[in-house]
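Each chain, letter by letter, is given below.
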Amino acid sequence: SIFFSDVQGFTSMSEKLAPEELTSLLNDYLSAMTDIILESGGTIDKYEGDAIIAFWNAPLEQKDHARRALEAAISCQQKLNQIRESLEKRTGCPFYIRIGLNTGDAVVGNMGSRSRFDYTMLGDSVNLAARLEGINKQFGTYCICTKTLKTDCELYGTNIVFRELARVLVVGKKEAVTVYEPITCEEYDSKKETLDIFNDALQLFYSGDFVKARDIFSSIQEKDVVAAHYVQKIQSILENPPNMDCWQGVWISEVK
């Protein structure tokens, strides 16, 4: 199970801070997130600036690796909620992270040159997790996972609820994948009515009834940022209607 995270608007933050301040900020943030990942049995693949790349089920086997990855992601967001105010005082910017999660086959091992190598992972499943992190921007979400990860989590039991977001065709893929926003039971209970309305509109979108779907999404867009993004998406579709004989309810992602 694969984890990619990135700090929203990090480039803008880095422009405002001196190198020493930026280094201190990153060390504090990365330490807080890393502690959670390691405590869950995860392996840190690497840091790329503010980005964290991690995985579970290697080098040691973990049958419940999908659940571990998911619960670590939720815990990272919860920890960030606790330290956000402090980080924002230091940066002068909102501090949020986006996370992409996937479960699938990958090659894991020492890779690189003959003189230098890293213990890392490689494969299509890895690329998809990376793409999902970025796709959060298109829905206004902060964590997205695949159906594969969802299914594996449910095999071992989890108190996380999965909200279906879309069938997405990501850049570089030929087939769409169904993606979900994992949320806590408390959040689900507080938004249940809105989420039920959203799901009704989503099914209409899948079936190609764009006008009715847009109207229902519009009714909740003030309460739900994902619904607001669907209103914009449908407006774009209505301006350039697809061939309905080929419509499969897919949200086509045009950015990485």
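The text that follows walks through the structure, step by step, so that each part is easy to find. (Residues numbered from 1 in each chain as written. Predicted model: local features only at pLDDT ≥ 70, side-chain atom pairs only at ≥ 80, totals over all residues. Heavy atoms only, no water.)

### Remarks on the overall build of the protein chain
Right, on to step 1. Scanning the protein chain for helices and strands turns up eight helices and 10 strands.
Right, on to step 2. Relative to the 2.2 N^0.38 estimate, which gives 18 Å for 256 residues, the radius of gyration of the protein chain is 19 Å and therefore close to what a compact globule would have.
Right, on to step 3. With respect to the three principal axes, the spread of C-alpha positions in the protein chain is 55 × 40 × 35 Å.
Right, on to step 4. Taken over 256 residues, the protein chain has a buried fraction of 46%.
Right, on to step 5. The contacts in the protein chain between residues at least 6 apart in sequence include a share of 64% that link residues at least 24 apart. (Helix = DSSP H or I, 4+ residues; strand = E, 2+ residues; numbered from the N terminus. Rg over C-alpha atoms; globule rule 2.2 N^0.38 Å. Buried < 20%, exposed > 50% of the residue type's maximum accessible area, 1.4 Å probe, protein only. Contact = heavy atoms within 4.5 Å.)

### As for unusual backbone geometry
Right, on to step 1. The omega torsion across Ala-58 and Pro-59 is 5 degrees, close enough to zero to call that bond cis.
Right, on to step 2. The phi torsion at Asn-57 lies on the positive side, around 85 degrees, for a residue other than glycine.
Right, on to step 3. Among the structural elements, Asn-57 can be located in the loop between strand 3 (51-55) and helix 3 (65-91).

### A short note on the side chain of Ser-40
Right, on to step 1. If you trace the backbone, Ser-40 turns up in the loop between helix 2 (19-39) and strand 2 (43-48).
Right, on to step 2. The class for Ser-40 is buried, based on a relative accessible area of 14%.
Right, on to step 3. With sequence-adjacent residues up to four places away left out, Ser-40 is seen in contact with Trp-56, Arg-68 and Ala-72.

### Points about the nonpolar core
Right, on to step 1. Counting residues in each nonpolar core, the largest one holds 38 residues, and the members touching the most others are Phe-3, Tyr-29, Phe-95, Ile-97 and Leu-101.
Right, on to step 2. Residues contacting Tyr-29, with those up to four places away along its chain left out, are Ser-5, Val-7, Asp-50, Ile-52, Phe-95 and Ile-97.
Right, on to step 3. Phe-139, Ala-166, Tyr-230 and Ile-237 belong to the second-largest nonpolar core, a separate cluster that totals 29 residues. (Core = buried A, V, L, I, M, F, W, Y, C linked by side-chain atoms within 4.5 Å.)

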